[in-house]
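Read off the chains here:
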Amino acid sequence: KDSDKTGSGVWRSFEIARRPNVRGLLLVKVLGSVASSMYGTTYPLVLTQELGLTAQTLGFFMSASSIAVAILGAFGMAPLVGFYGPKRLARMGLAARAGLVLLFSVLVGYAADAFGTEQALAHRTTYVCHASVLHALAAHVLATSLTTQTTGLVAADEQGALLGLEHALFAGARVVGPILGTTVLAAGGVKAVAAACAVVDVAL
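Let me sum up the structure you'll find in this document. Keep in mind the model is a prediction, meaning the values are calculated, not measured. (Residues numbered from 1 in each chain as written. Predicted model: local features only at pLDDT ≥ 70, side-chain atom pairs only at ≥ 80, totals over all residues. Heavy atoms only, no water.)

### Structural notes on the pattern of salt bridges
Side chains that carry opposite charge are capable of pairing whenever their charged atoms lie near each other. In this structure the tally under the stated criterion is four salt bridges. One salt bridge in this structure joins Glu158 and Arg19, with 2.6 Å as the shortest N-O distance. Taken together, the residues span a long stretch of sequence, with Glu158 in the loop between helix H5 (118-152) and helix H6 (159-203) and Arg19 in the loop between helix H1 (2-17) and helix H2 (20-50) at a distance of 139 residues. By relative accessible area, Glu158 is classed as buried at 12%. On the basis of relative accessibility, which here comes to 19%, the residue Arg19 falls in the buried class. Close ionic contact of Glu166 with Lys29 constitutes a salt bridge, the shortest N to O distance being 2.6 Å. Placement of the pair is Glu166 in helix H6 and Lys29 in helix H2, with a sequence separation of 137 residues. The two residues Glu166 and Lys29 agree in class, both being buried. (Salt bridge = Lys/Arg side-chain N within 4 Å of Asp/Glu carboxyl O. Helix = DSSP H or I, 4+ residues; strand = E, 2+ residues; numbered from the N terminus. Buried < 20%, exposed > 50% of the residue type's maximum accessible area, 1.4 Å probe, protein only.)

Laid out in structure tokens, this is it:
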């Protein structure tokens, strides 16, 4: 009986994913998650290996991104969704991510070319981390607006199956993304990673 329930649940998830109004949004979520995990994997490598950040400083800036996302989620998402609507907000999130990942790569090059005092390098590196915080905010806006759309397209008793499917797809994206990200980083550097992520977001 338990196996029958499991099989029924899996089949229900696939049935939901095949619906025309859902599968497009799921595709955006999956491919967008691949691009996000590519960036998320290479970001700390670039900051530590190319810009020389210590582990402690890197942890501080990563925590700053999480704090910013928490504040946006608590106080900013409801007004944004209410004003722009989830569809328009998702497009804005994709566009912002594409622009910010390119800005991140430019600022990395700007910081890496810094000469003079350590203070000058630290000043330029701060710009890099600010761009990364903004990228994290754009990614949260995108993810939230997409989830708002997908859950609104299915019945209340189907939302659990949909969310389970989405989390499974996210896990798969996080398997592929880091491998792609580190491979592209090794082959073409941070600018190649940024270009790949931007192309995916603009296409989506």
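This is not the end of the story, as more comes after the structure.
### Here we look at the packing of aromatic side chains
Two aromatic rings are characterised by how far apart their centres lie and by the angle between their planes. Under the definition given, this model contains five aromatic pairs. Among the aromatic side chains, those forming a connected cluster through ring pairs are Tyr39, Tyr43 and Phe104. Arg124 extends its terminal NZ or CZ atom over the ring of Tyr110, reaching a point 4.0 Å from the ring centre. (Phe/Tyr/Trp six-rings, centres within 6.5 Å; stacked < 30°, edge-to-face > 60°. Lys NZ or Arg CZ within 6 Å of the ring centre and 35° of its normal.)

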